[in-house]
Amino acid sequence: MTLFSLARKNIARNFSQYFLYIASMVFSIVIYFTFVTLKYSDTIAQKTVSSQKLDSLMSGAAIILLLFVAVFIAYSNSFFMKKRKKEVALYALLGVRNRQIGFMLFFENLLLGVFSLIVGVLLGFLCSKGFLTILIHLIGYDVIAPFTFSGSAALNTAIVFLAIFLVTSFQGYRLIYQFKLIDLFHASKKGEVIPKPSIMVAIFGVLLISIGYWLALQDIFTSKVWIAMGFLMIALIILTTVIVGTFLLFHSVTGFVLAVMKKNEKWLWRGLHLMIISQLLYRIRGNARTLTVIAILSATTVTAGGAVYGLYYNINDQVVTADPNTFMYEQTDTKLDQKVSSVLPDVKYDENIEALSVSFHTEQLNSSFNNSDKRIYTIINERTYNRLASIQKKEKIDVNKANAVILDIGYDERFSPKYKGKTISTEENTILTFQSFQTQNILNTGTAGITVVVSNEYYKVLKEEGEVLNYRVIGVDKASAELSEKVADHLPEEAQFSSAPKDLQTGIESVGSLLFIGSFLGLVFLAATGSIIYFKILTEAEEDKSQYNMLHKMGVSPKEMRKSIGTQVFVIFFVPLAVGLLHSAIALKAFSSLLMMDLVRPVLIWMIAYTVIYGLYYILTVASYNRIITQNNKTEG
């Protein structure tokens with residue numbers, strides 16, 4: 001029997017144990033192959049106006065995915081090698097040479113990699129149509145993508161992953177030379193040293209996380225700490241304090257809590273509570289580094305995904321705020337208006353309005369972000385505003401003589417001017433006082449900019465000083481980007497045409513592609529995160545077989561043992577998840593404050609979706625753990 005055939009038989013015999021490892025690798029290869037395929041896709045290039053930008057995003061995502069998958073495969077491979085050490089020791093005891101054992105491990109790991117690569121590329125090809133359709137849908141097009149197989153993408157994927165598999169296979173080859181025979185036999189019994197719980201370390205860990213949270217929740221523009229230390233330094237401090245604090249949380253805080261629970265003797269001696277607490281003390285404190293990695297990975301995945309989904313979720317509201325009219329442009333020629341009318345379907349409204357472009361001295365409006373002494377505003381009268389406000393179902397306003405209401409959709413109380421009571425003056429010293437401001441507009445910002453509403457009488461005064469502009473504002477039900485292009489074809493550049501469908505399409509294309517990339521990268525991170533815990537817990541299940549067999553012989557029911565297993569695995573799975581979700585909630589709260597955007601609903605949706613998928617790994621792990629214990633109890637009696 002050759003070493004190659006022995007490696008093949010080992011894989012066939014232990015395939016159930018390798019399944020999740022193979023599945024995670026296959027999934028990673030499918031996503032990588034998909035990204036590379038989309039990079040070469042003609043459909044994307046033809047459909048999107050930002051295909052060059054999307055190509056760069058895909059390339060960047062593929063590199064991030066590649067680095068992460070390489071680390072994940074190496075990490076997972078180390079778990080399997082630890083599990084195989086006793087088997088390797090038996091081969092050595094039977095007289096098999098180290099070189100031959102090394103080659104067997106090399107071939108075994110390489111076979112797993114090649115198998116995963118073939119399956120991953122085939123599934124990637126079969127799934128490429130679905131993935132491409134999802135991407136096209138996310139960027140706002142209703143098109144069913146064709147099946148595409150890219151030879152360049154397949155070659156790229158094969159070269160990259162074969163290189164990774166060769167490196168990890170070489171790690172397996174070197175394993176036999178790194179340990180003595182006695183070390184290999186006792187490898188499964190070697191665990192991490194359990195640190196003693198320390199109240200001081202526990203307090204320090206909580207303090208570090210609190211410092212990180214406090215800094216993250218400070219306003220980046222107004223906080224004295226952020227201004228004094230700079231963005232990069234504060235960001236580095238936040239990352240360091242949260243990561244170190246999380247490690248100390250699992251190292252001592254949870255251990256301290258469990259130690260306190262262990263002192264409750266009345267509760268402790270009920271059922272298998274003593275065993276559960278003892279096992280958890282080892283599992284959580286002994287595996288602090290792994291649980292920290294899981295928590296940080298979960299936080300990173302949920303934060304990035306939640307932020308991008310929040311932006312995507314709010315695109316329509318942002319466009320409606322900036323472009324309350326479907327189309328708007330400055331009228332320059334009656335014949336052009338007729339051509340535009342010829343391509344329009346039935347409209348909700350079609351209004352011609354008069355406005356003024358007036359230059360003002362604005363010294364009183366200077367802020368930390370705008371110190372210009374002169375600004376040009378679009379002026380409309382109260383009658384025009386209320387006419388459009390009625391059409392757009394907005395509240396009417398009443399402007400006092402010589403006063404004004406400014407419509408600033410970008411208003412931010414942190415650094416925008418304090419408009420109320422402030423005055424501005426024209427070149428000829430006509431003064432306006434702001435009686436109030438609104439964060440909505442009735443004109444498209446892309447065409448009119450910031451608009452100021454004055455009384456009907458005062459508008460006549462300003463008309464003597466400003467440039468008269470004639471705008472056409474149009475409302476259309478269910479307008480498309482194609483209709484927008486038809487309208488734009490009839491207008492010159494100086495018309496300053498603004499289109500809500502076009503702006504919506506542009507926003508959806510840019511953020512939708514980010515959402516697609518972020519979602520699938522998040523799924524890969526999630527698959528790797530769940531797999532790491534799965535491998536670690538099943539490795540520990542092998543070590544726990546003798547303890548559960550002893551309980552079985554003592555008459556403990558299978559139901560009690562399943563409950564014990566479920567509780568232990570639940571804590572190992574969901575404590576780092578809870579910590580990760582808390583980290584991401586703070587990060588997303590800071591992100592929403594920075595952008596002044598409500599992200600509660602999209603973030604909750606993202607968190608629930610992540611938790612549900614993560615929960616499936618928990619169910620699979622508990623089932624596998626129970627199967628190992630049950631089979632061992634039947635075998636040992």
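Residues numbered from 1 in each chain as written. Predicted model: local features only at pLDDT ≥ 70, side-chain atom pairs only at ≥ 80, totals over all residues. Heavy atoms only, no water.

1. Details of the nonpolar core
Note the following rule: Here, nonpolar core refers to any group of buried Ala, Val, Leu, Ile, Met, Phe, Trp, Tyr and Cys residues whose side-chain atoms link them within 4.5 Å. When a residue's accessible area, from a 1.4 Å probe over protein chains only, is under 20% of the maximum for its type it is buried; when over 50% it is exposed; and in between it is partly exposed. To qualify as a helix, a DSSP run of H or I must reach at least 4 residues; to qualify as a strand, a run of E must reach at least 2; elements of each kind are numbered from the N terminus. Throughout, a contact is declared for two residues whenever any of their heavy atoms are within 4.5 Å.
Core analysis: the biggest nonpolar cluster contains 105 residues, and F35, F161, F516, F573, Y614 and Y625 have the highest contact counts within it. When residues in this core are grouped by element, the largest group, 22 residues, is from helix α20 (residues 500–553). Ignoring any residue separated from it by four or fewer positions in sequence, one finds F35 in contact with M58, A61, A62, L65, F516, I517, F520 and L521.

2. Topic: the environment of S498
Following the sequence through the fold, S498 ends up in strand β9 (residues 498–499). For S498, a relative accessible area of 5% puts it in the buried group. As a C-alpha pair, S498 and N325 span 173 residues in sequence and 8.9 Å in three-dimensional space. Apart from the residues lying within four places of it in its own chain, the contact partners of S498 are T326, F327, M328, N444, G446 and T447.

3. Things to note about the packing of helix α21 (residues 558–595) against helix α22 (residues 600–636)
Formally: Every axis corresponds to a line fitted to the C-alpha atoms, with the helix fit spanning only the stretch in contact, and the corresponding angles, defined between N-to-C directions, vary from 0 to 180 degrees. The scheme is simple: roughly parallel for angles under 35 degrees, roughly antiparallel for over 145, roughly perpendicular for 65 to 115, oblique for anything else. Helix crossings fall into two classes, left-handed where the near helix is turned counterclockwise from the far one by less than a right angle and right-handed where it is turned clockwise. Residues were grouped as follows: Ala, Val, Leu, Ile, Met, Phe, Trp, Tyr, Cys and Pro as nonpolar; Asp, Glu, Lys and Arg as charged; and all remaining residues, including Gly, as polar.
Closest axis-to-axis distance for the α21/α22 pair is 9 Å, and the angle between their directions is 160°. Here α21 lies roughly antiparallel to α22, going by the angle between them. Judged by the twist between their axes, the crossing of α21 over α22 is right-handed. Here the residues of the contact of α21 with α22 sort into 20 nonpolar, 7 polar and 1 charged.

4. So, the pattern of salt bridges
Just so we agree on the cut-off: Salt bridges are defined as contacts in which a side-chain nitrogen from Lys or Arg sits within 4 Å of a carboxyl oxygen from Asp or Glu.
For the structure on display, the rule yields 6 salt bridges. With a closest N to O distance of 3.8 Å, D477 and K348 form a salt bridge. Taken as a pair, D477 in the loop between β8 (467–475) and α19 (481–489) and K348 in the loop between α15 (334–343) and β2 (349–361) lie far apart in primary sequence, 129 residues in all. This pair shows no difference in class: D477 is exposed, exactly as K348 is.

5. Concerning the pairing of strand β5 (residues 423–426)
Filter applied, for reference: At least two bridges found by DSSP between two strands are what make those strands a pair.
For β2 and β5, the ladder comprises 2 bridges, and the chain directions are antiparallel. Pairing of H361 across the sheet is with S425, part of β5. The pairing of β5 with strand β6 (residues 431–438) spans 3 bridges and is classified as antiparallel. By the bridge assignment for β6, I424 is matched with L432. Linking β5 back to β6 in an antiparallel pair, the connection comprises 4 residues, with N429 at a positive phi of about 70°.

6. What to know about the packing of aromatic side chains
We count it as follows: Aromatic rings from Phe, Tyr and Trp, with only the six-membered ring used for Trp, were paired whenever their centres fell within 6.5 Å, and each pair was classed as stacked if the ring planes differed by under 30 degrees, edge-to-face if by over 60, and tilted otherwise.
Scanning the entire structure with this criterion turns up 18 aromatic pairs. Note on F574 and Y614: the rings are 5.8 Å apart at their centroids and 80° apart in plane angle, and the pair reads as edge-to-face. Highlighted residues: F574 in helix α21 and Y614 in helix α22, separated in sequence by 40 residues. The two residues F574 and Y614 agree in class, both being buried. An aromatic cluster of three or more residues is present, and its members are F570, F573, F574, Y610, Y614 and Y618.

7. Side note on the environment of A500
If you trace the backbone, A500 turns up in helix α20. On the accessibility criterion, A500 (13% relative accessible area) is buried. The spacing of A500 and S484 is 16 residues in sequence and 8.5 Å in space, taken between C-alpha atoms. Beyond its immediate sequence surroundings of up to four residues, A500 is in contact with V319, D323, N325 and T326.

8. Some thoughts on the packing of helix α8 (residues 199–217) against α21
The interhelical angle for the contact between α8 and α21, taken along N-to-C directions, is 20°, at an axis separation of 8 Å. By the angle class used here, α8 and α21 are roughly parallel. For the pair α8 and α21, the contacting residues are I209, Y213, A216 and L217 in the first and L582, H583, I586, K589 and A590 in the second. Considered class by class, the residues forming the contact of α8 with α21 number 7 nonpolar, 1 polar and 1 charged.

9. Things to note about α20
The test is simple: The quantity called bend is, for any residue, the angle between two axes fitted respectively to the seven residues ending at it and the seven beginning at it. Pairing of N or O atoms within 3.5 Å defines a polar contact, subject to two protein rules: one partner must be a possible hydrogen donor and the other a possible acceptor, and residues neighboring in sequence count only if both atoms are side-chain atoms.
The axis of α20 is deflected most strongly, by about 50°, at D544. Most of α20 sits inside the fold, with 38 of its 54 residues counted as buried. Of the residues flanking the start of α20, the one acting as N-cap is S499, its side-chain oxygen 3.1 Å from the backbone nitrogen of K502.

10. What about the confidence of the model for the protein?
Going by this rule: pLDDT runs from 0 to 100 and stands for how confident the predictor is about each residue.
The predicted model of the protein averages 79 in pLDDT, with 79% of residues at 70 or higher. A low-confidence stretch, residues 190–194 (pLDDT under 50), is modelled with 11 contacts involving residues beyond four sequence positions or located in other chains.

11. Structural notes on the pairing of strand β4 (residues 403–407)
Extensive coverage of β4 is indicated by the burial of 5 of its 5 residues. Bridge analysis of β4 against β6 gives 5 bridges, and the strand direction is parallel. Counted as the bridge partner of I406 is F437 from β6. Relative to strand β7 (residues 451–454), β4 is paired through 4 bridges, and the arrangement is antiparallel. Looking across to β7, one finds that L407 is bridged to T451.

12. Observations concerning a nonpolar patch on the surface
Keep this limit in mind: Residues enter patches when they are more than 30% accessible in relative terms and free of salt bridges; like-charged ones are connected within 9 Å and nonpolar ones (Val, Leu, Ile, Met, Phe, Trp, Tyr) within 5 Å. The Shrake-Rupley method, run with a 1.4 Å probe, gives the accessible areas here. Residue values count only the displayed protein chains as cover.
A cluster of nonpolar side chains, contributed by V114, I118, L122 and L162, occupies part of the molecular surface with about 320 Å² of accessible area. Among the elements that line the nonpolar patch, the one with the most residues is helix α5 (residues 98–138), at 3 residues. Structurally, L162 can be placed in helix α6 (residues 151–175). Judged by relative accessible area, L162 falls into the partly exposed class, the value being 32%.

13. Comments concerning unusual backbone geometry
At A402, a position not held by glycine, the phi torsion is positive, near 70°. Relative to the helices and strands, A402 is located in the loop between α16 (382–391) and β4. Of note, the phi angle at K478 is positive, near 50°, even though the residue is not glycine. Along the chain, K478 turns up in the loop between β8 and α19. A relative accessible area of 87% places K478 in the exposed class.

14. Some words on the side chain of Q392
Among the secondary structure elements, Q392 is positioned in the loop between α16 and β4. Side-chain polar atoms of Q392 contact the side chain of N325, separated by 2.9 Å. Other than its neighbours up to four places away in sequence, Q392 contacts P324, N325, Y349, N441 and I442.

15. Brief notes about the environment of A404
Following the sequence through the fold, A404 ends up in strand β4. Judged by relative accessible area, which is 0%, A404 ranks as buried. Between the C-alpha atom of A404 and that of N381, which follows or precedes it by 23 residues, the distance is 9.4 Å. If we skip the residues at most four places from it in the chain, A404 touches V399, L432, T433, F434, Q435, S436, V452, V453 and V454.

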